[in-house]
Amino acid sequence: MRVYEFSNSRNQNLIPIVLLPGRSSGVPMWASNLKDFAAERTVYALDALGDAGMSIQTREIKNSADQADWLDRVFKQLELSEVHLVGHSFGGWLAANYAVRYPERVATLNLLEPVFVLQGLRWQIYLKSIPASISFLPRSWRDRLLEDIGGVFEIDLNDPIARMIAYATEYYANKLPTPDRISESQLKGLNMPVFAALAADSSIHDPAAAVETAKANIKIVEVRSWPDATHSLPMEYPEQLDRELLNFMEANEVR
């Protein structure tokens, strides 16, 4: 398992942050956020098992319970008894799926444009993902899906993060099971403070409906909808988002 630690002597006594990336993006997707987070807390960022990145999967991941189990094994290996969990997109689902099963380890749950948590995917994403997943079809078809998800008109392969995601989507064969949608009863059972950051121009789901789902079902929740933001929210508004997340963690941490 590949995990990167960012720490200094000033913040080692605070509850650390764990970053869970979106699909096909790994640790590098947090390049714009790490400076802010690491200035105030120890940060652990990891490449998810079963996805593109430096982690090596040695056992089949069959279901949602397996997804939570491998993450808990990582926390035990790192001797992390409690964490501020931050996940983007599929990483948001991974964070919520873990919090449902191991709530005692989660100080706060921070969901950035999560999928399969507050809403299902739009049907257009399902439709476009079919040709994008077939390797012999033109790259332009896969690029069109990435452009829609990222809210851009064209993939800029001169940008290293965009190039990494595009190549990971094209060349890495993902064999993870489709996530089980987090149910309303599971959302109601979350007992830790939850921060949900949603993009008003998200192509993934209905952001207004996601806001309502969060407010109606989560006991302790702060919901923030970002005007003009797309599913790439953490990369588009890093400084503003980072400050809100750090303030939320500070306000909801029991000393």
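Quick summary incoming for the structure in this document. Keep in mind that this is a model prediction, so the values were computed, not measured.

### Considering the sheet that holds strand β7 (residues 221-226)
Argument step 1. If you trace the 7 strands from one edge of the open sheet to the other, you get β1-β3-β2-β4-β5-β6-β7, paired in mixed fashion. The open sheet has two edge strands, β1 (3-6) and β7, and neither has a second partner. The average angle at which neighbouring strand axes cross in this sheet is 15°, direction not considered.
Argument step 2. As judged from the 3 bridges shared by strand β2 (residues 17-20) and strand β3 (residues 43-46), these two strands associate in the parallel manner. Paired with Ile 17 across the strands is Val 43, a residue of β3.
Argument step 3. Running over the sheet, helix α2 (residues 64-77) touches β1, β2, β3 and β4 (83-88) and is turned about 140° from β3.

### What to know about unusual backbone geometry
Argument step 1. Its identity as a non-glycine residue notwithstanding, Ser 89 has a phi of 60°, on the positive side.
Argument step 2. Within the secondary structure, Ser 89 is located in the loop between β4 and α3 (90-101).
Argument step 3. For Ser 89, a relative accessible area of 6% corresponds to the buried category.

### A word on the packing of α2 against α3
Argument step 1. Between α2 and α3, whose axes approach to 9 Å, the crossing angle comes to 85°. One finds that α2 runs roughly perpendicular with respect to α3. Contacts between α2 and α3 involve Ser 64, Ala 65, Gln 67, Ala 68, Trp 70, Leu 71, Asp 72 and Phe 75 from the former and Trp 93, Leu 94, Asn 97, Tyr 98 and Arg 101 from the latter.
Argument step 2. A per-class count over the contact of α2 with α3 returns 8 nonpolar, 3 polar and 2 charged.

### Re empty space enclosed by the protein
Argument step 1. Per the stated rule, a full pass over the model turns up 1 cavity of 30 Å³ or more.
Argument step 2. Put simply, the largest cavity is a space of about 120 Å³.
Argument step 3. Forming the boundary of the largest cavity are 14 residues, of which Arg 23, Ala 48, Phe 90, Leu 94 and Leu 176 lie nearest the centre.
Argument step 4. Taken together, the elements giving at least two residues each to the lining of the largest cavity come down to α2 and α3.
Argument step 5. Residue composition of the lining of the largest cavity, by class: 9 nonpolar, 3 polar and 2 charged.

Parameters at a glance
For every chain, the first residue of its written sequence is number 1, and the numbers climb from 1 along that sequence. Totals for whole chains, interfaces and linings use every residue, but because this is a predicted model, local features are given only for residues with pLDDT of at least 70 and side-chain atom pairs only at 80 or more, for both listing and counting. Heavy atoms throughout the structure, all of them, feed into the side-chain values; hydrogens and water do not. Pairing between strands is defined by DSSP: at least two bridges between the two strands are required. Numbering of helices and strands runs from the N terminus, with a helix taken as a DSSP run of H or I at least four residues long and a strand as a DSSP run of E at least two residues long. For helices, the fitted axis covers only the stretch in contact; all axes are lines through C-alpha atoms, and the angles between them, taken along N-to-C directions, range from 0 to 180 degrees. Contacts are assigned to residue pairs that have any heavy atoms within 4.5 Å of one another. Exposure classes here rest on a 1.4 Å probe applied to the protein chains alone. A residue is buried below 20% of its type maximum, exposed above 50%, and partly exposed in between. For this classification, under 35 degrees means roughly parallel, over 145 means roughly antiparallel, 65 to 115 means roughly perpendicular, and everything else is oblique. Only Asp, Glu, Lys and Arg are considered charged, only Ala, Val, Leu, Ile, Met, Phe, Trp, Tyr, Cys and Pro nonpolar, and every remaining residue, Gly among them, polar. A cavity, in this analysis, means grid points on a 1 Å lattice covering only the protein atoms where a 1.4 Å probe fits yet has no way out; a pocket is instead an open set bounded by protein on both sides within 12 Å along at least five of seven lines, and a residue lines either one if it has an atom within 4 Å of a point. Grid points are joined across faces, edges and corners, and a volume is the space filled by probe spheres set on the points.

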